[in-house]
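Working through the structure, step by step
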Amino acid sequence: MKQKFITFLTGFLIYGLVFGVIMYYTEANKNILRALFSGLFFGSFMGLFEVFINPRIRRYFETRKKK
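Read on for a plain summary of the structure. Because the structure is a prediction, the values reported are computed rather than measured.

Overview of the overall build of the protein chain
- Counting its secondary structure elements, the protein chain contains two helices and zero strands.
- In terms of C-alpha radius of gyration, the protein chain reaches 15 Å, well past the compact-globule figure of 11 Å for 67 residues.
- The buried share of the protein chain, taken over its 67 residues, is 21%.
- At a minimum sequence separation of 6, the contacts of the protein chain that also span at least 24 residues come to 53%.
- Of the roughly 5700 Å² of accessible surface on the protein chain, a fraction of 70% belongs to carbon and sulfur atoms.

Observations concerning a nonpolar patch on the surface
- Together, Phe41, Phe45, Leu48, Phe52, Ile53, Ile57, Tyr60 and Phe61 make up a nonpolar patch on the protein surface, roughly 820 Å² of accessible area in all.
- Tracing the chain through its elements places Phe41 in helix α2 (residues 32-66).
- Assessed through its relative accessible area of 55%, Phe41 is described here as exposed.

Parameters at a glance
Residues numbered from 1 in each chain as written. Predicted model: local features only at pLDDT ≥ 70, side-chain atom pairs only at ≥ 80, totals over all residues. Heavy atoms only, no water. Helix = DSSP H or I, 4+ residues; strand = E, 2+ residues; numbered from the N terminus. Rg over C-alpha atoms; globule rule 2.2 N^0.38 Å. Buried < 20%, exposed > 50% of the residue type's maximum accessible area, 1.4 Å probe, protein only. Contact = heavy atoms within 4.5 Å. Areas by Shrake-Rupley, 256 points an atom, 1.4 Å probe, with all protein chains shown as cover. Patch = residues over 30% accessible without salt bridge, like charges linked within 9 Å, V, L, I, M, F, W, Y side chains within 5 Å. Salt bridge = Lys/Arg side-chain N within 4 Å of Asp/Glu carboxyl O.

Written out as C-alpha cells, the structure is:
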C-alpha cells in the first residue's frame, strides 16, 4: 500500500508538473490558474494510471514474451 502511494505521488508530481508547465507556455493568454488546474487534473489521472493500469500492461507483455 505504501509503495502504491509513493508511485501515485511521484506520477502525480512528475506528470502534473510537466503538463502544467507545457500548458502554461503554450497558451496564448498565459493563465497560471488554468494551467495549474489542468496540471492537477492530468497528474491525478496519470498517477492513477501508474498505480492501477501500467502494472497490468507490464505483466501482460512479460507473460506474452515468455510464451
